[in-house]
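What follows is each chain in one-letter form.
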Amino acid sequence: MSKFFRTLLQRTYLALIAIPFKLMPSLAYMAFNGQGSTAQLCRHIARQGAQRVLIVSDKILVELGIVGKAVDVLKEEGVECVIYDGILPDPTFAMVDEGLALQQQHKCDAVLAIGGGSSIDCAKTIASAATNGRDGRKLEGYFKVKTMPLPLFALPTTSGTGSEATIAAVVSDPASHEKCFLADPKMLPKAVALDADLLLGMPAPITAATGMDALTHAVETYISLWGTESSNGYGYAAVKMIFDYLPRAYRDGNDAEAREQMALAAYYAGMAINDAGVGNVHAIAHQLGRHYGTPHGLANALVMPEVLRFMAKASEKPLAELGRLIGVADTSTGDAQAAEKFIDAVADLNTRLGVPDVLDTLREEDIAAIAADAVKEGAGYPVPVLMSRKECQAILRTLLKQTGDARAMA
């Protein structure tokens, strides 16, 4: 099929799928921010009438005492807590089932996610499955949550996924490792806390990967075909904040101002996703996670510069605006050059954050299959230009180790 007809089919599909998104009600919920916001959120949960809360998190956050900070306040407010700490990166439906079993056993009437995107996505699915047939697998796709989920609250401990602000969750099939996408406005948390105190001391590599994940969201929403005044505003602000504060947070894990601004930036970028979706960067990154277990933020960072170069002409104007926003271009710079300078700035930010320019696990023999799956996924996103398999393969080959070695020798 020619690229013209593939594009025509994609635009027709996007027009149809956009209808329910345009008709859905305005998304609004409560967000607490700043020092002490963990306690504010927990007291809010109690005021909402919760009596027994399922906390969805991971063992590390339990051992570090971060989960305990929330538990202490909830208990003071007379709320019982049941902890499910089995979350691992790239959560699976098996984890959803385990958490749901605890929720059912203890008759929890609310869910609190404490952690990164994995914990929040799993908690969204648990809360939704609890009131919709108790099978998270049947919620895959758009608008499958017919009954309101259990009240869901979120306390993010990374500044990257923005899941605390989105209507979507990504859960993996434990057998195939395929990423399954669930999206429904009912999955949006009722309230969140953006508490920078919980982010202090985050290791530099995690800071880099999660921060570049947030940047990917901000950029992809800003160049999306579904971009709105609202999503563009959120994405625009997030790009500026990330370029200003991510290097600071990376250099000094205890820079409280940088941590707070990065928490807000990730939140803004997540809000933008609700209107504008994601794009080709995510389409490739999801496959790298599926095939090699590459952390999602790192996968996004690795492929973003080359994907943006591929889309530069189709996204010239918005990329140029972002170049002028971060100061690598000005009003006298033409759009093509300004867009190129922005893409170079993204690549340079990767370098400053210690992100490699190759993926050691990537194998030439896997590229065709990865590209086929990425192209298929990307065709379902509101991307400015579709990738062909050949184009996607070319992007992937820039990540091969021998390519990186050749660059170093040049």
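The preceding data block contains the structure.
Each chain has its residues counted from 1, running along the sequence as written. Local features in a predicted model are, by the rule used here, given only for residues with pLDDT of at least 70; side-chain atom pairs are given and counted only at 80 or more, and totals for whole chains, interfaces and linings are based on all residues. The side-chain figures draw on all heavy atoms in the structure; neither hydrogens nor water molecules are used.

## A word on the overall build of the protein
Each helix and strand counted, the protein has 16 helices and nine strands in total. In this treatment the radius of gyration is a C-alpha quantity, and the globule benchmark scales as 2.2 Å times the residue count to the 0.38 power. Its C-alpha radius of gyration of 21 Å places the protein within 12% of the 22 Å reference for a compact globule of 410 residues. The C-alpha extent of the protein, read off along each of the three principal axes, is 65 × 45 × 40 Å. Only protein chains enter the accessibility calculation, which uses a 1.4 Å probe; a residue whose area is less than 20% of its type maximum is buried, one above 50% is exposed, and one in between is partly exposed. The buried share of the protein, taken over its 410 residues, is 56%. Contacts are assigned to residue pairs with any non-hydrogen atoms lying within 4.5 Å of each other. Contacts in the protein between residues far apart in sequence, at least 24 positions, make up 77% of those at least 6 positions apart. For the area figures, the Shrake-Rupley method with a 1.4 Å probe applies, and any residue is considered shielded solely by the protein chains shown. For the protein, the accessible area works out to roughly 17000 Å², and carbon and sulfur atoms hold 54% of it. Only four residue types enter the tally: Lys and Arg on the positive side, Asp and Glu on the negative side, with His and both chain ends excluded. Throughout, a charge is located at the NZ atom of Lys, the CZ atom of Arg, the CG atom of Asp or the CD atom of Glu. Charged side chains in the protein number 38 positive and 46 negative. The centres of these two groups are separated by 5 Å. Secondary structure elements are defined from DSSP: runs of H or I of at least 4 residues count as helices, runs of E of at least 2 residues count as strands, and each element is numbered from the N terminus.

## Quick look at the sheet that holds strand 7 (residues 168-172)
Spatially, 5-8-7 is the arrangement adopted by the three strands of the open sheet, whose pairing is mixed. Of all the strands in the sheet, the pair left with one neighbour each is strand 5 (141-142) and strand 7. As judged from the five bridges shared by strand 7 and strand 8 (residues 179-183), these two strands associate in the antiparallel manner. Residue pairing across strands places Ala168 opposite Ala183, the latter belonging to strand 8. Pairing between strands is defined by DSSP: at least two bridges between them are needed.

## Things to note about a nonpolar patch on the surface
Patch building starts from residues that exceed 30% relative accessible area and form no salt bridge, then joins like charges within 9 Å and nonpolar side chains (Val, Leu, Ile, Met, Phe, Trp, Tyr) within 5 Å. Salt bridges are counted wherever a side-chain nitrogen of Lys or Arg sits within 4 Å of a carboxyl oxygen of Asp or Glu. A grouping of Phe4, Phe5 and Leu8 is seen on the molecular surface, where their side chains present a nonpolar patch of about 340 Å² in accessible area. Relative to the helices and strands, Leu8 resides in helix 1 (residues 3-23). Residue Leu8 is classed as partly exposed on the basis of its relative accessible area, which comes to 45%.

## Here's the deal with helix 2 (residues 37-47)
Counting buried positions over the 11 residues of helix 2 gives eight, a clear majority of the element. Listed as buried for helix 2 are Ser37, Thr38, Ala39, Leu41, Cys42, His44, Ile45 and Ala46.

## Observations concerning the nonpolar core
Among the buried residues, those of types Ala, Val, Leu, Ile, Met, Phe, Trp, Tyr and Cys that are joined through side-chain atoms within 4.5 Å form a nonpolar core. Among the nonpolar cores identified, the biggest contains 100 residues, and Val239, Ile284, Leu308 and Phe342 are the most heavily contacted of them. Here the element with the most residues in this core is helix 9 (residues 256-276); it accounts for nine residues. With near-sequence residues (within four places) excluded, Val239 lies in contact with Leu215, Ala218, Val219, Leu322, Leu325, Ile326 and Phe342. If you look at the next biggest cluster of nonpolar residues, it comprises 25 residues, including Ala39, Ile55, Ile66 and Ala193.

## Observations concerning empty space enclosed by the protein
Both cavities and pockets are sets of points on a 1 Å grid over the protein atoms alone; in a cavity a 1.4 Å probe fits but cannot get out, in a pocket the set is open with protein on both sides within 12 Å along at least five of seven lines, and lining residues sit with an atom within 4 Å of a point. Grid points are joined across faces, edges and corners, and a volume is the space filled by probe spheres set on the points. Tallied over the full model, the rule gives three cavities of 30 Å³ or more. Volume-wise, the largest cavity comes out at about 40 Å³. Taken together, Glu220, Ile223, Ser224, Val278, Gly279, Asn280, Met311, Pro382, Val383 and Pro384 make up the lining of the largest cavity. The residue classification treats Ala, Val, Leu, Ile, Met, Phe, Trp, Tyr, Cys and Pro as nonpolar and Asp, Glu, Lys and Arg as charged. All others, Gly included, are polar. By residue class, the composition of the lining of the largest cavity is six nonpolar, three polar and one charged.

## Focus on the pattern of salt bridges
Side chains bearing opposite charge may pair, as long as their charged atoms lie close to each other. Counting across every chain of the model gives 18 salt bridges. One salt bridge in this structure joins Arg43 and Glu77, with 3.8 Å as the shortest N-O distance. Of this pair, Arg43 sits in helix 2 while Glu77 is found in the loop between helix 4 (66-76) and strand 3 (80-84), placing the two residues 34 residues apart along the sequence. Assessed through its relative accessible area of 34%, Arg43 is described here as partly exposed. Residue Lys240 pairs with Asp244 through a salt bridge whose shortest N-O separation is 3.6 Å.

## Notes on the sheet that holds strand 1 (residues 30-33)
Pairing in this open sheet of six strands is parallel, and the strands run 1-9-6-4-2-3 from one edge to the other. Each edge of the sheet is formed by a strand with only one pairing partner; in this case those strands are strand 1 and strand 3. In this sheet, adjacent strand axes meet at a mean angle of 20 degrees when their direction is disregarded. Inspection of the sheet shows strand 1 paired to strand 9 (residues 191-194) by four bridges, in the parallel sense. Across the sheet, residue Ala31 finds its bridge partner in strand 9, namely Val192. For every element, the axis is a line fit to its C-alpha atoms; helices are fit only across the contacting stretch, and the angle between N-to-C directions ranges from 0 to 180 degrees. Seen against the sheet, helix 4 touches strand 2 (52-56), strand 3, strand 4 (110-115) and strand 6 (152-156) and runs at an angle of roughly 150 degrees to strand 4. Sitting on the sheet, helix 9 touches strand 1 and strand 9, and the angle it makes with strand 9 is about 145 degrees.

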